[in-house]
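# Commentary on secondary and tertiary structure
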Amino acid sequence: MMSGSAWAAQPPTPVHGQEGQDAPWVVTPQELVDTMLDMAAVQPGERLLDLGSGDGRVVITAAQRGLHAVGVELGAGLVTMSRERAAEAGVADRTEFVQTDLFEYDFAGADVITFFLLPELTIRLRPVFFDLRPGTRIVSNTWDMRGTEEDPEARGWDPDETIVLDPCPGFCSAHAWTVPAKVEGVWRLADGGELELRQRYQMVEGELRTAGRRITLQEGRLDGTVLSFRAAGIRYRAEVDGSAMTGTADQAAAWRATHQP
Ligand SMILES: C[S@@+](CC[C@H](N)C(=O)[O-])C[C@H]1O[C@@H](n2cnc3c(N)ncnc32)[C@H](O)[C@@H]1O
């Protein structure tokens, strides 16, 4: 971590590779920025937040795609440079650069979060991301949220998707996640049966207990608020809304379940 005096010693004009509070300033190649936004399937009108926004390139590219984009960056010179670049690109009205510590910033309200930070920061942010609104998309340059060897939760949160650019423009991997709904626990089915779910991020295991049978769930996973699994050869799918879920199943009637306190 950089001390206050080290911040004061930062060059007035940013220099690529310069130290930052928790990570240095190193840019994401434009090709990878484009890939990251494609992976998040960004839509005009959505809100994007780039954590540690450097020279503002992710924010500016998102604004050029019609999003309202916010960059959080501690380096004063980088914030000034980002605002100038946004004005030159004609997207000043759809961009905002906030000079603050990303760990002090409230991420709520973002539809898409992007970052290119060091592995230990990524792991520090993991519980914060997991608590965001289900369906929020997160995309990173290079570092994922599986954890490190020393981390007891190693292999924590696998990406939903990873893309590696070839040829590599310098940094070439991007990882994407969708924040899953929280479904851990026992759910009461409308037919009197029960669905018991155990959750590790987007991965779901458990048991369906219905009509005197106990069926182990297979291929259980969450894509935001959409839960899907297979039981006794039947594929089930449900939309989770807080403590209720409404579902469909192959060759079967629609179903409903409520979370047991
Ligand atoms: C690797 S650069 C990524 C820049 C940009 N997001 C990109 O992809 O091109 C990381 C940035 O995070 C900034 N940074 C480091 N620690 C920070 C903190 N605690 N709060 C806000 N910004 C921080 C650095 O100044 C640097 O610009």
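Small disclaimer: the values here were computed from a predicted structure and weren't measured. (Residues numbered from 1 in each chain as written. Predicted model: local features only at pLDDT ≥ 70, side-chain atom pairs only at ≥ 80, totals over all residues. Heavy atoms only, no water.)

### Focus on the domain arrangement of the chain
By the assigned domains, the chain splits into domain 1 (4-178) and domain 2 (185-259). Centre-to-centre, using C-alpha coordinates, domain 1 lies 35 Å away from domain 2. Contact residues are listed per partner, giving twelve residues for domain 1 and eight residues for domain 2. Summed over both sides, the interface of domain 1 with domain 2 buries roughly 770 Å², with 48% coming from carbon and sulfur. Sorting the residues of domain 1 by area buried against domain 2 places Phe130, Asp160 and Thr178 first, and these three jointly supply 43% of that buried surface. Linking domain 1 with domain 2 are one salt bridge, by the criterion used here. Inspection of the region where domain 1 meets domain 2 yields six residue pairs in polar contact (both at pLDDT 80 or more). When grouped by side-chain class, the residues that make up the side of domain 1 that touches domain 2 number four nonpolar, three polar and five charged. (Domains from an automatic or database assignment. Contact = heavy atoms within 4.5 Å. Buried area = accessible area lost by both parts, 1.4 Å probe. Salt bridge = Lys/Arg side-chain N within 4 Å of Asp/Glu carboxyl O. Polar contact = N/O pair within 3.5 Å; in protein donor to acceptor, adjacent residues only side chain to side chain. Nonpolar A, V, L, I, M, F, W, Y, C, P; charged D, E, K, R; others polar.)

### Things to note about helix H3 (residues 57-64)
Most of H3 is tucked away: seven of the eight residues are buried. Of all the positions in H3, only Arg57, Val58, Val59, Ile60, Thr61, Ala62 and Ala63 are classed as buried. Residues of H3 that are buried sit in contact with helix H2 (30-39), strand E1 (47-51), strand E2 (68-72), helix H4 (76-88), strand E3 (95-98) and strand E4 (112-115). (Buried < 20%, exposed > 50% of the residue type's maximum accessible area, 1.4 Å probe, protein only. Helix = DSSP H or I, 4+ residues; strand = E, 2+ residues; numbered from the N terminus.)

### Remarks on the packing of H2 against H3
The interhelical angle for the contact between H2 and H3, taken along N-to-C directions, is 55°, at an axis separation of 10 Å. Put simply, H2 runs oblique to H3. The interaxial crossing formed by H2 with H3 has right-handed handedness. Contacts from Gln30, Val33, Asp34 and Leu37 in H2 reach Arg57, Val58, Thr61 and Ala62 in H3. Residues of the contact of H2 with H3, tallied by class, amount to four nonpolar, two polar and two charged. (Axes fitted to C-alpha atoms, helices over the stretch in contact; angles between N-to-C directions. Parallel < 35°, antiparallel > 145°, perpendicular 65-115°, else oblique. Left-handed = near helix turned anticlockwise from the far one by under 90°.)

### Observations concerning the pairing of strand E16 (residues 252-259)
As defined by bridge partners, strand E8 (residues 185-189) adjoins E16 across three bridges and the pair is classed as antiparallel. Across the sheet, the residue bridging to arginine 188 is threonine 258, located in E16. Of the pairings in the sheet, the one linking strand E15 (residues 244-249) to E16 comprises five bridges and is antiparallel in character. Paired with methionine 245 across the strands is alanine 257, a residue of E16. With antiparallel pairing between neighbouring strands as the criterion, E15 and E16 make up a hairpin whose turn holds two residues, including glutamine 251 at a positive phi of roughly 50°. (Pairing = 2+ DSSP bridges.)

### Side note on the site of the ligand
The local shell around the ligand holds 21 residues, among which Asp22, Thr28, Asp50, Gly52 and Glu73 are the closest. At 2.9 Å, a side-chain N or O of aspartate 50 approaches a nitrogen atom of the ligand. Separating a nitrogen atom of the ligand from a backbone N or O atom of leucine 74 is a distance of 3.4 Å. In isolation the ligand offers 600 Å² of accessible surface; the protein chains occlude 98% of this area. Considering only residue class, the shell around the ligand consists of ten nonpolar, six polar and five charged. (Near = heavy atom within 4 Å. Areas by Shrake-Rupley, 256 points an atom, 1.4 Å probe, with all protein chains shown as cover.)

### Structural notes on the packing of aromatic side chains
The full count for this structure, using the stated rule, is ten aromatic pairs. Between the aromatic rings of phenylalanine 107 and phenylalanine 129, the centroid separation amounts to 6.1 Å while the plane-to-plane angle is 35°, which identifies the pairing as tilted. Here phenylalanine 107 is found in the loop between E3 and E4, whereas its partner phenylalanine 129 is found in helix H5 (residues 119-130), with 22 residues between them in sequence. Both residues of the pair, phenylalanine 107 and phenylalanine 129, belong to the buried class. Judged by centre distance (5.8 Å) and plane angle (75°), the rings of phenylalanine 130 and tryptophan 157 are edge-to-face. Here phenylalanine 130 is found in helix H5, whereas its partner tryptophan 157 is found in the loop between strand E5 (137-141) and strand E6 (161-164), with 27 residues between them in sequence. On the basis of relative accessible area, phenylalanine 130 is assigned to the buried category, the value being 17%. Of the residues examined, tryptophan 157 reaches a relative accessible area of 0% and is grouped as buried. (Phe/Tyr/Trp six-rings, centres within 6.5 Å; stacked < 30°, edge-to-face > 60°.)

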